[in-house]
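Coordinates in review
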Amino acid sequence: AQSVSQHNHHVILSEAASLELGCNYSYGGTVNLFWYVQYPGQHLQLLLKYFSGDPLVKGIKGFEAEFIKSKFSFNLRKPSVQWSDTAEYFCAVNLYNQGGKLIFGQGTELSVKP
Amino acid sequence: GAVVSQHPSWVICKSGTSVKIECRSLDFQATTMFWYRQFPKQSLMLMATSNEGSKATYEQGVEKDKFLINHASLTLSTLTVTSAHPEDSSFYICSARDPSGGGNEQFFGPGTRLTVL
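A short tour of the structure in this document, coming up. Bear in mind that the values here come from a model prediction, so they are computed numbers and not experimental data.

**Observations concerning the state of the cysteines**
Any covalent bond linking the sulfur atoms of two cysteines counts as a disulfide. One pass over the full model with this rule turns up two disulfides over all chains. In this model, C23 of chain A is linked to C91 of chain A through a disulfide, with the two sulfur atoms separated by 1.9 Å. Note on the C23 of chain A and C91 of chain A pair: the S-S dihedral is about -65 degrees, so by sign convention the disulfide is left-handed. Remark: C91 of chain A occurs in strand 10 (residues 87-95) and C23 of chain A occurs in strand 4 (residues 23-26); sequence separation between them is 68 residues. Across the pair, exposure class does not vary: C23 of chain A and C91 of chain A are buried alike. Two residues share a disulfide in this structure: C23 of chain B and C94 of chain B, whose sulfurs sit 2.0 Å from each other. In this structure the cystine formed by C23 of chain B and C94 of chain B twists about its S-S bond by roughly 80 degrees; its chirality is therefore right-handed. Residue C23 of chain B is located in strand 3 (residues 19-25), and its partner C94 of chain B is located in strand 9 (residues 90-97); the two are separated by 71 residues in the primary sequence.

And the structure:
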């Protein structure tokens, strides 16, 4: 069965530290890849997405992610986090041949200490 | 960007009653909408895919007779939790796919928190 795995359940960083959140998926077909953020008490917002082309994609708020097809990975990075980045981060995979439905990873809670 | 709304944002009901949640795409037409469920501190679990004018497709383990989905127009899908029980208490989130963008991006509603007493 298709699945999305996020390696880190809870990450705690100090401001200005660099961030990398891991995401791996198990699906052999064509995929679109997404990272969503959910700030406390708010709804899901799209950070960035990969459909095709340059595997290094840049999103909002200084986030970027790299699609490595051979590793089935789509890790999220930010060189310098801020306290306002404290949130839950979800990696998601869109399955082309299954009606476009999204499969979400378990989520990673990021806490940034000021 | 595309906007999806949900109503109500929260609801409290007694056990045994039914609750209807609406999901609307405000500035685009969505042939496909999705319903998710999110428990505290957990990820989103897809419940069903709702296609305009046809029956919803439910994920394995989701009771279609308990979670009734109707997608009567290109901008509205409804989820009715029938004979709700405390274990149905959860955060229900809908999303809508905007086909005009050429891709498969989904836009999410703000969610509805259901509490069943």
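**Some details on the sheet that holds strand 8 (residues 76-81) of chain B**
Residue and element names in this part refer to chain B. The strand order across the open sheet formed by four strands is 1-3-8-7, and the pairing between neighbours is antiparallel. The open sheet has two edge strands with one neighbour each: strand 1 (4-7) and strand 7 (67-73). Strand-to-strand twist in this sheet, taken as the mean axis angle between neighbours without regard to direction, amounts to 15 degrees. As paired elements, strand 1 and strand 3 share four bridges and run antiparallel to each other. Bridged to H7 within strand 3 is E22.

**Digging into the interface of chain A and chain B**
Taken residue by residue, the interface counts 20 residues in chain A and 19 residues in chain B. Summed over both partners, the interface of chain A with chain B buries about 1500 Å², with 52% contributed by carbon and sulfur atoms. Taken together, the links from chain A to chain B amount to one salt bridge. For the salt bridge of E59 of chain B with K101 of chain A, the shortest nitrogen-to-oxygen distance reads 2.9 Å. Broken down by secondary-structure element, the contributors of at least two residues to the side of chain A that touches chain B are strand 5 (31-38), strand 6 (45-50), strand 10 and strand 11 (102-104) of chain A. Here the side of chain A that touches chain B gets four residues from one element, more than from any other, and that element is strand 5 of chain A. Class assignment for the residues of the side of chain A that touches chain B results in nine nonpolar, eight polar and three charged.

**Some words on the side chain of S95 of chain B**
Residues and elements named next belong to chain B. You can see S95 is positioned in strand 9. A distance of 2.6 Å separates polar atoms of two side chains, one belonging to S95 and the other to Q106. If sequence neighbours within four positions are ignored, S95 has contacts with T32, M33, F34, Y36, Q106, F107 and F108.

**A closer look at the side chain of S73 of chain A**
Looking at the element boundaries, S73 of chain A is found in strand 9 (residues 73-78). Once residues lying within four places of it in the same chain are set aside, the contact partners of S73 of chain A are C23, N24, Y25, E66, F67 and I68 of chain A.

**Describing the nonpolar core**
Soluble, globular proteins show a tendency: their nonpolar side chains are buried together. In this structure, W35, L48, F74, L76 and Y89 of chain A are the most contacted members of the largest nonpolar core, which totals 30 residues. Ranked by residues supplied to this core, first place goes to strand 10 of chain A with five residues. Excluding residues that lie within four positions of it along the chain, L48 of chain A makes contacts with L33, F34, W35, V57, K58, G59, F63, E64, A65, F74 and L76 of chain A. C13, A48, A56 and F107 of chain B belong to the second-largest nonpolar core, a separate cluster that totals 25 residues.

**Re a nonpolar patch on the surface**
Nonpolar side chains collect at one region of the surface, where W10, I12 and L117 of chain B lie side by side and expose about 390 Å² of accessible area between them. Within the element layout of this structure, W10 of chain B appears in strand 2 (residues 10-13).

**With respect to the packing of aromatic side chains**
This model, assessed by the stated rule, comprises 13 aromatic pairs over all chains. For the pair F67 of chain B and Y92 of chain B, a centre-to-centre distance of 6.3 Å together with 40 degrees between the ring planes defines the contact as tilted. Taken together, the residues span a long stretch of sequence, with F67 of chain B in strand 7 and Y92 of chain B in strand 9 at a distance of 25 residues. Under the relative-accessibility criterion, F67 of chain B is labelled buried at 5%. Judged by relative accessible area, which is 0%, Y92 of chain B ranks as buried. An aromatic cluster of three or more residues is present, and its members are F34, Y36, F51, F90 and F104 of chain A together with Y36 and F108 of chain B.

Definitions and limits used
Residues numbered from 1 in each chain as written. Chains lettered and ligands numbered in written order. Predicted model: local features only at pLDDT ≥ 70, side-chain atom pairs only at ≥ 80, totals over all residues. Heavy atoms only, no water. Disulfide = S-S within 2.5 Å. Helix = DSSP H or I, 4+ residues; strand = E, 2+ residues; numbered from the N terminus. Buried < 20%, exposed > 50% of the residue type's maximum accessible area, 1.4 Å probe, protein only. Pairing = 2+ DSSP bridges. Axes fitted to C-alpha atoms, helices over the stretch in contact; angles between N-to-C directions. Contact = heavy atoms within 4.5 Å. Buried area = accessible area lost by both parts, 1.4 Å probe. Salt bridge = Lys/Arg side-chain N within 4 Å of Asp/Glu carboxyl O. Nonpolar A, V, L, I, M, F, W, Y, C, P; charged D, E, K, R; others polar. Polar contact = N/O pair within 3.5 Å; in protein donor to acceptor, adjacent residues only side chain to side chain. Core = buried A, V, L, I, M, F, W, Y, C linked by side-chain atoms within 4.5 Å. Patch = residues over 30% accessible without salt bridge, like charges linked within 9 Å, V, L, I, M, F, W, Y side chains within 5 Å. Areas by Shrake-Rupley, 256 points an atom, 1.4 Å probe, with all protein chains shown as cover. Phe/Tyr/Trp six-rings, centres within 6.5 Å; stacked < 30°, edge-to-face > 60°.

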